Amino acid sequence: MRFVCSLILLANCLSQWAIAQDPKLDFFESKIRPVLVERCYECHSSQTKPNELGGKLRLDSAPSIARGGSLGPALLAGNPNESLLIKAIEYNDSGFQMPPDSKLTNEQIADFKQWIAEGATDPRKEEMPTNNEPTMSIAQKAALHWAYHPLEAPAQVPPVGDLGIDSDSIDRSIAQKLAEKGLSFSPLADRRTLAKRLYYDLLGMPPTHSQLEQVVQNPSEDWYVQLVDSLLQSPHFGERMARRWMDVARYADNKGYVFQENREYEHAFKYRDWLIRSFNSDVPYNEFLRFQLIADRTDPENKAGNLDAMGMLTLGRRFLNNPHDIADDRIDLITRGLMGVTASCARCHDHKFDPVSMADYYSLHGAMLDSTEPLGEPSPMRLVDKPEQGATKIFIRGNPGNHGPEVPRKFFGFLASHVEAEMKTGSGRLEMAEAIVDPKNPLTARVYVNRLWGWIFGLPLVDTPSDFGIRCEPPLQQFVLDSLAWDFIQEGWSTKKILRRMVLSRTYRQQSLHREEAFAIDPENRLWWRAQRKRMDFESLRDALLLATGQLDPAIGGPSVKITETPFPKRRTVYAYIDRQNLPQLFRTFDLASPDAHAPMRPQTTVPQQGLVLMNSDMVLSMLGSLGQESASLGTDAGIDALFRRVLARAPSPQEKQWFLEILQASGDSAPDLPENRWSYGTASLNPETGSIENFQTLPRFHQNRWQGTNDELPDPKLDWAFLSAQGGHPGGRIDQSVVRRWTAMEPADLRIRGLLRHPAEQGNGVRGTIVLRGKEKLGQWTVLHTSSPTHIDDIHVEPGDTIDFVTDSNSDANSDSFEWKVRIIPPDESRSKANSERDFRGELARPLGVWEQAAQALLLTNEFCFID
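Quick word on the packing of aromatic side chains
No. 1: Enumeration over the complete set of coordinates arrives at 34 aromatic pairs.
No. 2: When the ring of Tyr361 is compared with that of Tyr362, the centres are 4.8 Å apart and the planes differ by 80°; the resulting orientation is edge-to-face.
No. 3: Residue class for Tyr361 comes out buried when judged on its relative accessible area of 0%.
No. 4: The class for Tyr362 is buried, based on a relative accessible area of 1%.
No. 5: By way of ring pairs, the aromatic residues Trp245, Trp274, Phe279, Tyr285, Phe288, Phe291, Tyr448, Phe488 and Trp493 are connected into one cluster.
No. 6: Directly above the aromatic system of Tyr508 lies the positively charged group of Arg197, at a separation of 5.7 Å from the ring centroid.

As structure tokens, then:
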């Protein structure tokens, strides 16, 4: 047997080696097969239903391509110009274009032409049935699928080890599976660890030193239960849960790209505030969903403020206001986000794997199209049913211009035995919502409880939180999921109750330390033999930084703030402005969920950029000054103690204290030198005749990569349109609002200037550029209108402290006066420039960190600070 296996292995290796040595086969495998699989197999393979096989053509094997379809062979080897496949993918015939959704790239089309011209080498063989067993239909698979079975009262779990009959059944179930593998729970975590874990999981920020000390010193045997109950009552609990739900609801403060339309959702924050209130008041989950789907019926005048809940549906992308894409986005959110059903896969054809038909999809599509956004009061985020309801028609292949049969508007057919299916009131949203929250719906509670488990424990019980379809295997801990979902419904759909049960469990309270013998049996911790070690997410990390540096603003609710822009607001990160079109790099670096679509889970990456942000970003560095100064004011010994208490909520060990003493003593207390910067940016009053300038004032704010006035948006009340950027800028309207780019000499030098002044607009009266030495000597002056001009000056001598000013004024009219002016200051031999206006442009120079600030930063970079356990 071993000899036979060796021969098989050898043959396989030789086969792979032969493929690797054949450039034509290699070309097919790297260039052709991937495109066929990704763009063609859906409608042209053995997996396609016979009645949906496009043109009766299969493209998943060489023989099937040779046979072709209803139009004949798909290709003629050696002759791409006569091959039907090439004619289809070139899109030259408006009635014969494949793939139908979008054209292949020019490079891909060229690859297919080359492949056919070289003989269409194709190693794929015809797929033949391997046995005579009948294939189960999707409906038969659905009838057996675990997630579609109704929830039932959980069976009694017998005592296991030291877990008696009074212990939680979920703990006994997990302990039972552990015992089957010869494993057991890890020991209980200590008080400090559990307190940090609870604060993070329930509030999203760490405890302070004094809060931890209260926990450690609590003499009550019920200290843990008391802590859990107090945190569940904290107003910050709602903030933590709201931010999690905002991932589900793909929250953003704007619409994305909408061309010239106003892209802001100015009232989006009211939806976030509603979420915070709802989680804090423990609104039952079925009501929580009703408000977000049909508050226009349950609170039509917004007397209880629940119309704002409909922002879940209305705050999505606008897709250039394409109603069908907007409807699809909402269907995807409702079905994946609330029930784990990937219904959007049935937009162009019946679902390939799950029991979702196009009729099911277009029933929901009709409900979305027949709902409209009236805007204005009583809530700009509400939906209402249209007075006139349209027919529900299937779009052939998802094409709105190709209508298929009309179908009755019903909820998912595969759930008809569990919930009311007919959608007959208005758009049908009412019956849709009631079907989703029906206690007999087998999916809604399972999906939500699984999300809660993932948020609290670090990993969900079902790996695909938004896909409970037929390909979703039963979770290893299915009893835990089903019993929690059943009890969740029976106990009134209370989020706080089910979370309380989770965090009180033995499973949650165990240590997260590694155990070699358990790891060897269960390396992925699927059996839960230890707690999952968790790193802070972005919001918790930023909030922890603000808390540790004493700057966190704890106010609840209100409009969004742009946390990446100076002066770096100190509000909790849940209130960060989410720009759907231009999500800041900081958010992407720390794995914030994309606001473009519903997010089942966040990615978890570990990349160098995360450490670099903590070391170098202006946002983080701006937090360190007060903490460093406060610690330094206490003296070396007490300052180190205070620093550890603020950042790590504990006292330093003797060894840590010695290290910090050595660092502080070696560095001394002298203030660090600022890096050299020869450029400054401001405004002044120009005398056009003499070229002299007066009243030079630096521009007060660096905002959106330019120096400008104090307002976010221009014109500024004092400085009008005046600003300077790396490439140019814009003067204000008055002569005393001329913009000045000033270079200061540090040593004696002979210099030349090489520059180009450009006025790109087709309107306006142009701008005037003047070069001024020492504030009073005009070296040159140029006026440009819809054109450009060189601005060269030779034979300049400067002494230390001399200034060269590049002054631009509006030429009496500031209309359309944006300009570009790039200059280089070079020595006479034209070697490397001493200054380059574009290269050297920068915002405010960050003051180098003092020694105490560096000490604080060192602690903020530790794993102890960034990880929960």
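The discussion continues.
Looking at the pattern of salt bridges
No. 1: Inspection of every chain in the model, using the stated rule, returns 56 salt bridges.
No. 2: Measuring nitrogen to oxygen at the nearest pair gives 2.8 Å for the salt bridge that ties Asp296 to Arg429. Here Asp296, found in helix H13 (residues 285-298), pairs with Arg429, found in helix H17 (residues 429-437); they are 133 residues apart in sequence, far enough to count as distant.
No. 3: The class for Asp296 is buried, based on a relative accessible area of 12%.
No. 4: For Lys657, the salt bridge is made with Asp637, and the minimal N-O distance between the two is 3.1 Å.

Considering the sheet that holds strand S14 (residues 777-784)
No. 1: Ordered by their spatial adjacency, 6 strands build an open sheet running S6-S5-S11-S17-S13-S14, and the pairing between neighbours is antiparallel. Either end of the sheet is taken by a strand with one partner, and the two such strands are strand S6 (693-698) and S14. Ignoring strand direction, the axes of neighbouring strands in this sheet form an average angle of 25°.
No. 2: Two strands pair when backbone bridges link them, and strand S13 (residues 767-773) and strand S17 (residues 803-809) are joined in this way by 6 bridges, in the antiparallel orientation. Its bridge partner being in S17, Thr770 is matched across the sheet by Val807.

Focus: the side chain of His351
No. 1: Along the chain, the position of His351 falls in the loop between helix H15 (323-339) and helix H16 (358-369).
No. 2: Beyond its immediate sequence surroundings of up to four residues, His351 is in contact with Ile138, Thr342, Cys345, Ala346 and Val356.

Examining helix H18 (residues 444-457)
No. 1: With 14 residues, H18 extends 20 Å between its outermost C-alpha atoms, agreeing within 8% with the 20 Å of an ideal straight helix rising 1.5 Å per residue.
No. 2: Counted residue by residue, H18 has 14 buried out of 14 residues, so it is predominantly covered.
No. 3: Once H18 ends, the next one or two residues include Gly458, with phi positive near 100°.

Observations regarding the environment of Gly764
No. 1: Structurally, Gly764 can be placed in the loop between strand S12 (749-758) and S13.
No. 2: For Gly764, a relative accessible area of 29% gives the class partly exposed.
No. 3: In this structure, the C-alpha to C-alpha distance between Gly764 and Ser816, residues 52 residues apart in sequence, is 5.1 Å.
No. 4: If we ignore the near neighbours within four places in the chain, the residues touching Gly764 are Leu785, His786, Asn815 and Ser816.

About the cut-offs
Residues numbered from 1 in each chain as written. Predicted model: local features only at pLDDT ≥ 70, side-chain atom pairs only at ≥ 80, totals over all residues. Heavy atoms only, no water. Phe/Tyr/Trp six-rings, centres within 6.5 Å; stacked < 30°, edge-to-face > 60°. Buried < 20%, exposed > 50% of the residue type's maximum accessible area, 1.4 Å probe, protein only. Lys NZ or Arg CZ within 6 Å of the ring centre and 35° of its normal. Salt bridge = Lys/Arg side-chain N within 4 Å of Asp/Glu carboxyl O. Helix = DSSP H or I, 4+ residues; strand = E, 2+ residues; numbered from the N terminus. Pairing = 2+ DSSP bridges. Axes fitted to C-alpha atoms, helices over the stretch in contact; angles between N-to-C directions. Contact = heavy atoms within 4.5 Å. Expected span 1.5 Å × (residues − 1).

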